[in-house]
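# Remarks on the overall topology
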Amino acid sequence: TYPFGYGMSYTNFKWSNYQVSSPDANGNIEVNDGSFEGRIEAYYGTPVIKGGTFTENPTKYVAEGYEVTETEGKYVVSKSLSLSEQLAKGGVVTLKSDVVLDEPLIVEAGVEVTLDLNGKTLSGEIHKSIGAIINNNGNLKIINGTISSLANNGGSALVNSGTCAVEEVTLN
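Residues numbered from 1 in each chain as written. Predicted model: local features only at pLDDT ≥ 70, side-chain atom pairs only at ≥ 80, totals over all residues. Heavy atoms only, no water.

### What about the sheet that holds strand S9 (residues 105-107)?
As a reminder, the rule being used: Paired strands, in this sense, are two strands between which DSSP finds at least two bridges. Strands are runs of DSSP state E lasting at least two residues, helices are runs of H or I lasting at least four, and both sets are numbered from the N terminus onward. Axis geometry follows a simple rule: fit a line to the C-alpha atoms, using only the stretch in contact for helices, then measure angles between N-to-C directions, giving values from 0 to 180 degrees.
What the 3 strands build is an open sheet, ordered S9-S12-S14; its pairing is parallel. Here the strands that pair on one side only, and so sit at the sheet edges, are S9 and strand S14 (156-160). Taking each pair of neighbouring strands and ignoring which way they run, the sheet shows an average axis angle of 10 degrees. The sheet contact formed by S9 and strand S12 (residues 132-136) spans 3 bridges and is parallel. The residue of S12 that forms the bridge with Ile106 is Asn135.

Pasting the structure below:
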């Protein structure tokens with residue numbers, strides 16, 4: 001005899017256009033792309049998700065360097081963009097933690113972006129020959145946090161050659 005529910009699933013699921021690796025020795029699989037409907041359940045091994053669209057939040061299984069964004073009730077897993085890449089795309093960029101830069105951020109002409117520091121600190125040791133932590137040539141709005149130059153060599157927090165609005169930001 002088998003216990004009640006043995007071998008049965010109590011969720012509906014469907015997948016299409018998927019790219020999944022073969023299981024490794026521990027039963028782990030890598031999910032690289034596809035559309036998945038239903039709850040993610042792992043009974044043996046662990047899925048490592050690096051891409052795809054899901055109806056249930058897959059955050060628990062998302063690989064390092066990847067992120068989940070919710071759009072119209074679907075969860076999309078994609079590679080995390082660097083802060084520079086996010087600024088280049090424009091739109092709203094929100095810091096999730098303090099960031100220490102090793103090179104300046106540049107907002108190119110024609111790019112419109114809001115940098116929401118989200119109460120965090122953006123800092124870096126930028127030499128005066130490079131300019132500043134942020135070099136703005138576009139349309140930039142910076143809100144809610146701190147921008148701090150760690151250098152005592154003439155570098156600054158912000159050089160503006162475009163349009164810039166700053167709200168509730170401390171510049172050091």
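Let's pick the thread back up.
### Describing the nonpolar core
Counted only if it meets this: Residues belong to one nonpolar core when they are buried, are Ala, Val, Leu, Ile, Met, Phe, Trp, Tyr or Cys, and are joined through side-chain atoms within 4.5 Å. For each residue, the accessible area found with a 1.4 Å probe, counting protein chains only, is set against the maximum for its type, and the residue is called buried under 20%, exposed over 50%, and partly exposed in between. Contacts: residue pairs with any heavy atoms within 4.5 Å of one another.
Core analysis: the largest hydrophobic core is formed by 19 residues, its most contacted members being Leu83, Leu115, Leu117, Leu122, Ile134, Ile142 and Ile147. Contacts of Ile147, omitting those with residues within four sequence positions, involve Leu117, Leu122, Ile133, Ile134, Ile142, Ala157, Val169, Thr170, Leu171 and Asn172. Core analysis: the second largest hydrophobic core is formed by 8 residues, Phe36, Tyr61, Tyr75 and Val77 among them.

### Concerning unusual backbone geometry
Unlike most non-glycine residues, Asn144 shows phi in positive territory, near 60 degrees. Mapped onto the elements of the fold, Asn144 is located in strand S13 (residues 139-149). At Glu168, a residue that is not glycine, the phi angle is positive and equals roughly 55 degrees. One can find Glu168 in strand S15 (residues 163-171).

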